[in-house]
Amino acid sequence: MRLELHKVKVKDVQWGSATCVKDGVLYVNKEEAKALIAEEDRFARVDLELARPGESTRIIPVKDVVEPRVKLDRKGYYPGFNNTAMARCGEGRTLVLDGAAVVTCGPIVAFQEGFIDMSGPGAVYTPFSATQNVVLVVEPIKDLEQHQYEQVLREAGLKLGVYLADKCRDAKPDVVDVFEKGTVPEEKEKHPNLPKVIYVCMNITQGLLHDTYVYGADIRPALPTLLHPNEVLDGAMVSGNCVSACDKNTTWHHVHNPIVAALYARHGKDLNFLGVIPTQESTVLMGKVRASQMNLSIAQELGADGVIVSEEGYGNPDTDLCMNARNFERAGIKSVVVSDEAAGTDGASQSLADATPEMTGFVSTGNVNEMLEVPAMKNVYGWPESIAHLSGGAAESLRKDGSMYVEMQAIIASTAEIGFNKVGCEWI
């Protein structure tokens, strides 16, 4: 399977008479883009804003982040959404507006959303302070239920991302990244002596706005499955959850998964990368047992020697993490887990809500409870008062001057558990 990512470098974003990219600048026809999103009659108001790195801008509360992409060999992107034809991801040519992002903003389930600062101390902890952002701010019609609001806003973000890329499909790429890997049997024949490694990507799949989608299907009621790494890097997975902001895997994160990229870079050199298992985090014990046992079954059927497991969220998903580590280790498959920690503002509390002695390889992406003071911003897009209800915020977090005192977990992707962040720990 061969995937080509044709990356057009975006270094700035501006309003323009036509949506296109020229000399590193993404120009957006604001009225045309707004009209596209306003086709959804469940939005009472649609607005677009621009947020660039270094500006005094805050976006709050953020729901999802989407990288503008489109298939060059066919129409659309993210199969299963917005009437895109159901076709396998991971093959052919994909245009990527590298450095640009669509940020969706709306208070759906406030305590599990977050904010992005484009400058100041808060900007250090989110990758989206470094992207050229087109911010979609929408208000729902009266009495629209939360799950419907989440759905239409999620789909609107995907739709806007595809629109931006599609308008630029004739742009000349600055870089073409190629990802090419055969089937599991083919790669085993090529690399018979290399250790075989699989990646288990845990996802929030707990219903009630805690959902993750693979090929447009909510994977909560499904069983774990195996994806070719190219499929993950090419839009097979979409975020639909309102998990705490710090460790949310946005849709942008899935196509930029650094664990997938790191394993791919070592494939055929010192390991054989078998593939990715998107797996569930259930709210009930039997669901946790079922998913963790299925993860092990797939790994054993493929002959895995080692596994990397990344978590999404914290609290009861810590039990899923422990079950996965325990099952793999007891079966003789070496495991390394990646998670953040909820260790209290002083860092002295137990980091996870569960524990198991088999969890001997642990990569930390930081303590979600670390406190941070962020200054007032000149521009605030969204609803700043929502900080009172965000995880990591409180009624007294927003001060009269517009500054805030919050836990790091209120910042989108500050401790992302796939490792796409700047926070970690060091043994001393």
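Calculation criteria
Residues numbered from 1 in each chain as written. Predicted model: local features only at pLDDT ≥ 70, side-chain atom pairs only at ≥ 80, totals over all residues. Heavy atoms only, no water. Helix = DSSP H or I, 4+ residues; strand = E, 2+ residues; numbered from the N terminus. Rg over C-alpha atoms; globule rule 2.2 N^0.38 Å. Buried < 20%, exposed > 50% of the residue type's maximum accessible area, 1.4 Å probe, protein only. Contact = heavy atoms within 4.5 Å. Areas by Shrake-Rupley, 256 points an atom, 1.4 Å probe, with all protein chains shown as cover. Lys, Arg positive; Asp, Glu negative; His and termini not counted. Charge placed at Lys NZ, Arg CZ, Asp CG, Glu CD. Phe/Tyr/Trp six-rings, centres within 6.5 Å; stacked < 30°, edge-to-face > 60°. Pairing = 2+ DSSP bridges. Axes fitted to C-alpha atoms, helices over the stretch in contact; angles between N-to-C directions. Polar contact = N/O pair within 3.5 Å; in protein donor to acceptor, adjacent residues only side chain to side chain. Left-handed = near helix turned anticlockwise from the far one by under 90°. Nonpolar A, V, L, I, M, F, W, Y, C, P; charged D, E, K, R; others polar. Arc of directions from axis to C-beta.

Student: I would appreciate a short explanation of the overall build of the chain in the present structure.
Tutor: Secondary structure assignment for the chain yields eight helices and 23 strands. Relative to its length of 428 residues, the chain is compact, with a C-alpha radius of gyration of 21 Å against a globular reference of 22 Å. The buried share among the 428 residues of the chain stands at 60%. Of the contacts made within the chain by residues no fewer than 6 positions apart, 80% connect residues no fewer than 24 positions apart. Element-wise, carbon and sulfur atoms account for 51% of the exposed surface of the chain, whose accessible area totals about 16,800 Å². Where the 41 positive side-chain charges of the chain centre and where its 58 negative ones centre are 5 Å apart.

Student: Sorry if this is basic, but what is going on with the packing of aromatic side chains here?
Tutor: Within this structure, the stated rule accounts for six aromatic pairs. With 5.7 Å between their ring centres and 80° between their planes, phenylalanine 81 and tyrosine 213 make a pair best called edge-to-face. A residue pair is termed long-range when its members are at least 10 positions apart, and phenylalanine 81 in the loop between β7 (69-71) and β8 (92-98) and tyrosine 213 in strand β14 (residues 210-214) qualify at 132 residues. Ring geometry for tryptophan 252 and phenylalanine 420: centres 5.0 Å apart, planes at 80°, overall edge-to-face. You can see tryptophan 252 sitting in helix α5 (residues 251-255) and its partner phenylalanine 420 sitting in the segment after β23 (404-407), a full 168 residues away along the chain. Aromatic ring contacts, followed pair by pair, group Phe128, Trp252 and Phe420 into a single cluster.

Student: Explain the sheet that holds strand β2 (residues 12-15) here, please?
Tutor: Strand pairing within a sheet occurs via backbone hydrogen bonds; the two strands may be parallel or antiparallel. Sheet architecture is open: three strands sit in the order β2-β4-β3, paired in mixed fashion. Each of the sheet's edge strands pairs with one partner strand only, and the pair in question is β2 and β3 (20-22). In this sheet, neighbouring strand axes are inclined to one another by 25° on average, regardless of whether the strands run parallel or antiparallel. Bridge count between β3 and strand β4 (residues 25-28): three bridges; the pairing is antiparallel. Pairing of cysteine 20 across the sheet is with tyrosine 27, part of β4.

Student: Sorry if this is basic, but what is going on with the pairing of strand β6 (residues 57-66) here?
Tutor: For a regular strand, the rule is simple: side chains alternate between the two faces of the sheet. Most of β6 is tucked away, with ten of its ten residues classed as buried. Relative to strand β22 (residues 379-382), β6 runs parallel, the two sharing four bridges. When the bridges of β22 are listed, arginine 58 appears paired with valine 380. The pairing of β6 with strand β9 (residues 100-105) spans four bridges and is antiparallel. In the sheet register, valine 65 faces β9, and the bridge partner there is valine 103.

Student: Please clarify how the pairing of strand β1 (residues 2-9) should be interpreted in this entry.
Tutor: With respect to burial, β1 is a largely interior element, six of its eight residues being buried. As paired strands, β1 and strand β12 (residues 175-180) are joined by six bridges and run antiparallel to one another. Its bridge partner lying in β12, histidine 6 is registered against valine 176.

Student: Just to check I follow, could you spell out the side chain of threonine 84 for this structure?
Tutor: With respect to the helices and strands, the residue threonine 84 is situated in the loop between β7 and β8. Of note is the side chain of threonine 84, whose polar atom sits 3.0 Å from the backbone oxygen of phenylalanine 81. Non-local contacts of threonine 84, meaning those with residues more than four positions away in its chain, are made with Lys75, Gly76, Tyr77, Tyr78 and Pro79.

Student: What am I meant to see in the environment of valine 284 here?
Tutor: Looking at the secondary structure, you find valine 284 in the loop between β17 (272-281) and α7 (285-302). Look at valine 284 and you get partly exposed, because its relative accessible area is 47%. As for valine 284 and histidine 253, which are separated by 31 residues in sequence, their C-alpha atoms are 27 Å apart.

Student: Looking at this structure, how should I read the side chain of serine 386?
Tutor: Here serine 386 shows up in the loop between β22 and β23. Among the residues examined, serine 386 registers a relative accessible area of 6% and is labelled buried. In this structure, serine 386 is in contact with Ile60 and Pro61, ignoring residues within four places of it in sequence.

Student: Explanation requested: the packing of α7 against helix α8 (residues 317-330) in the structure shown.
Tutor: For any two helices packed against each other, one specifies the crossing angle of their axes together with the interaxial distance. Relative orientation of the contacting elements α7 and α8 amounts to 35°, with a least axis distance of 9 Å. The hand of the α7/α8 crossing is right-handed. Of the residues in α8, those touching α7 at Leu285, Lys288, Val289, Ser292, Gln293, Asn295, Leu296 and Ala299 are Pro317, Thr319, Asp320, Met323, Asn324, Asn327 and Phe328. A per-class count over the contact of α7 with α8 returns seven nonpolar, six polar and two charged.

Student: Could you clarify how one ought to interpret helix α6 (residues 258-266) in this entry?
Tutor: Of all the residues in α6, the buried ones are Ile259, Val260, Leu263 and Tyr264. The buried residues of α6 occupy an angular sector of 130° when the element is viewed end-on, so they sit on one face. Buried residues belonging to α6 abut β12, β13 (196-204), α4 (229-233), β17, β18 (306-310) and β19 (334-341). Of the residues that open α6, the one with a side-chain oxygen 2.9 Å from the backbone nitrogen of isoleucine 259 is asparagine 257. Looking one or two residues beyond α6, the residue adopting positive phi is glycine 268, at roughly 80°.

So far we have only geometry, and geometry alone does not tell us how the molecule works.
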